[in-house]
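Here is how the chains run, residue by residue.
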Amino acid sequence: MHEDIELAIDSPDGIIDCRLEPQMNAADELFFNATILFPNMVNGINRSEIFCYDLVADNAGNFFFEDPGNEMHPKIKKLERQISAAISDALK
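Sequence order as written defines the numbering, with residues in each chain counted from 1. Two thresholds apply to this predicted model, a pLDDT of at least 70 for residue-level local features and 80 or more for giving and counting side-chain atom pairs, whereas whole-chain, interface and lining totals are computed over all residues. As a convention, hydrogens and water are excluded, and side-chain values are obtained from all of the structure's heavy atoms.

**Student:** Honestly, the overall build of the chain in this entry has me stumped. Any pointers?
**Tutor:** Under the DSSP-based scheme used, a helix requires at least four consecutive residues in state H or I and a strand at least two consecutive residues in state E, with every element numbered from the N terminus. When helices and strands are tallied, the chain shows 2 helices and 7 strands. In the chain, the order of α-helices and β-strands from amino to carboxyl end is β-β-β-β-β-β-β-α-α. Put simply, the radius of gyration uses C-alpha atoms, and a globule should come to 2.2 Å times the residue count raised to 0.38. Its C-alpha atoms give the chain a radius of gyration of 14 Å, near enough to 12 Å, the size a compact globule of 92 residues would have. Counting only C-alpha atoms, the chain reaches 45 × 30 × 20 Å along its principal axes. Going through the 92 residues of the chain one by one, you find that 29% of them count as buried. A simple rule labels every residue: compare its accessible area, found with a 1.4 Å probe on the protein chains alone, to the largest value its type can have, and call it buried under 20%, exposed over 50%, or partly exposed in between.

Next comes the structure, spelled out in structure tokens:
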């Protein structure tokens, strides 16, 4: 089994922390559960927003957020390319 991937992404709002945990679905296909801590200042105190989504691979081996059934916040959708690249690098 693959190991967890820890990722820190610089953004204008601060450092975005990501933890990507490898999982196997019923068809023995690899996907990653992403826990994303997005910086959020409230009254001068950093209270990160927590987002959890699954990333699945397409036929080309690129990872993308699985449709969560409701709208994904655009600031999280923007991270998809960077997170996919980090997974690809870790799998090499």
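Structure's up, so let's keep going.
**Student:** Even after reading the chapter, I still don't get the sheet that holds strand β1 (residues 5-11), so can you show me in this structure?
**Tutor:** Note: strands within a sheet are paired through backbone hydrogen bonds, in either parallel or antiparallel orientation. Think of it this way: DSSP has to see at least two bridges between two strands before they count as a pair. Ordered by their spatial adjacency, 5 strands build an open sheet running β1-β2-β3-β6-β7, and the pairing between neighbours is antiparallel. Of all strands in the sheet, those bounded by a partner on one side alone are β1 and β7 (63-65). For this sheet, the mean angle separating the axes of adjacent strands, direction not counted, is 30°. In this sheet, β7 lies alongside strand β6 (residues 49-57) in antiparallel orientation, the contact comprising 3 bridges. Note that in β7 the partner of L55 across the bridge is F65. In this analysis, axes come from line fits to C-alpha atoms, helices being fitted only over the stretch in contact, and the angle between any two N-to-C directions falls in the range 0 to 180 degrees.

**Student:** What's the story with the environment of E29 in this structure? I'm lost.
**Tutor:** By the element assignment, E29 lies in the loop between β2 (14-24) and β3 (30-38). Put simply, E29 and A57 are 28 residues apart on the chain and 8.6 Å apart in space, counted from C-alpha to C-alpha. What E29 contacts, discounting residues up to four positions off in sequence, is Q23 and M24. The contact definition used throughout considers only heavy atoms, calling two residues in contact when any of these lie within 4.5 Å.

**Student:** I'm lost on the nonpolar core in this one. Help?
**Tutor:** Among soluble globular proteins, nonpolar side chains are generally buried collectively. Think of a nonpolar core as a cluster: buried Ala, Val, Leu, Ile, Met, Phe, Trp, Tyr and Cys residues, connected wherever their side-chain atoms sit within 4.5 Å. The biggest cluster of nonpolar side chains holds 21 residues, and the ones touching the most others in it are L20, I36, L55, F65, I76, I83 and I87. For this core, the secondary-structure elements that each account for two or more residues are β1, β2, β3, β6, β7 and α2 (80-91). With 4 residues, β3 is the largest single contributor of residues to this core. In contact with F65, not counting residues within four places along its chain, are I36, Y53, D54, L55, M72, I76, K77, E80 and I83.

**Student:** Sorry, what's going on with the pairing of β3 here?
**Tutor:** Taken residue by residue, a regular strand's side chains alternate between the two faces of the sheet. Relative to β3, β2 is paired through 8 bridges, and the arrangement is antiparallel. Residue pairing for β3: R19 is matched across the bridge by T35. Relative to β6, β3 runs antiparallel, the two being bridged by 8 bridges. Its bridge partner being in β6, F32 is matched across the sheet by L55.

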